[in-house]
Amino acid sequence: MSQVDYTSLIKTIASLTEGEDDVIALMATVVCELHHSDDRFDWTGFYRVTSPEMLKIGPYQGRHGCLQIPFTRGVCGAAARLGETQLVPDVKAFADHIACASSTRSELVLPVWDRAGTLLAVLDIDSDQFDAFTVLDADSLAEILATVFAR
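Residues numbered from 1 in each chain as written. Predicted model: local features only at pLDDT ≥ 70, side-chain atom pairs only at ≥ 80, totals over all residues. Heavy atoms only, no water.

S.K.: Can you walk me through the overall build of the chain in this structure?
M.R.: Along the backbone of the chain there are four helices and six strands. For the chain, the sequential pattern of α-helices and β-strands runs α-α-β-β-β-α-β-β-β-α. What you see for the chain is a C-alpha radius of gyration of 14 Å, in line with the 15 Å of a compact globule of 151 residues. The dimensions of the chain, computed from C-alpha atoms along their principal axes, are 40 × 40 × 25 Å. (Helix = DSSP H or I, 4+ residues; strand = E, 2+ residues; numbered from the N terminus. Rg over C-alpha atoms; globule rule 2.2 N^0.38 Å.)

This is the structure in structure tokens:
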């Protein structure tokens, strides 16, 4: 199992996204780099805020994801509704988990904010391993998201 070298990853993503302002292009680039950076990342993608209280799938890597997720459902909905990172070591223990893929065992979801503090999306990373994510993952990914989307 590889472990993310966040120092290098942050530099790489900053370099690749410098000067780009198209949100979808930014999401696609971030997802590609993240997904291939660590074997724990089984599904990596963005769910975009497309209407009040609704997320729709955006750029992703991995198997098919759910097309829509209301703010009232699942780990992604909780991250969007609460505006807080959701670090879930065992998705079966999360009362309202939406099983888009039966292989998912743990999940990390972070809100994505623009410069004005508006919620753009959530970044959803699923793993087929239990307890795959750490606070270091959450903090480092939050730094990447702020660098790319809130600049």
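Read on, since the account is not over.
S.K.: Help me understand the sheet that holds strand β6 (residues 119-127) in this model?
M.R.: Strands pair in a sheet through their backbones, by hydrogen bonds, and they do so in one of two ways: parallel or antiparallel. Pairing within the open sheet is antiparallel, and its six strands lie in the order β3-β2-β1-β6-β5-β4. The open sheet has two edge strands with one neighbour each: β3 (68-70) and β4 (86-88). Strand-to-strand twist in this sheet, taken as the mean axis angle between neighbours without regard to direction, amounts to 25 degrees. With respect to the sheet, helix α2 (residues 23-35) is in contact with β1 (43-51), β2 (54-61) and β6, its orientation differing from that of β1 by roughly 160 degrees. Across the sheet, helix α4 (residues 135-149) touches β1, β4, β5 (106-113) and β6, and the angle it forms with β5 is around 30 degrees. (Pairing = 2+ DSSP bridges. Axes fitted to C-alpha atoms, helices over the stretch in contact; angles between N-to-C directions. Contact = heavy atoms within 4.5 Å.)

S.K.: Would you explain helix α3 (residues 74-82) in this entry?
M.R.: Residue pairs spaced three or four apart in an α-helix point in one direction, given the helix's 3.6 residues per turn. Counting buried positions over the nine residues of α3 gives seven, a clear majority of the element. Within the sequence span of α3, burial applies to Gly74, Val75, Cys76, Gly77, Ala78, Ala79 and Ala80. Taken together, the buried residues of α3 touch β1, β2, β3, β4, β5 and β6. (Buried < 20%, exposed > 50% of the residue type's maximum accessible area, 1.4 Å probe, protein only.)

S.K.: I would appreciate a short explanation of the pairing of β1 in the present structure.
M.R.: Across a regular strand the side chains alternate sides, sitting on one face of the sheet and then on the other. Summarising the sheet, β1 and β6 pair through six bridges and their orientation is antiparallel. Its bridge partner being in β6, Thr44 is matched across the sheet by Ile125. Where β1 lies against β2, six bridges are found, and the strand directions are antiparallel. The partner of Thr44 across the bridge, within β2, is Gln61.

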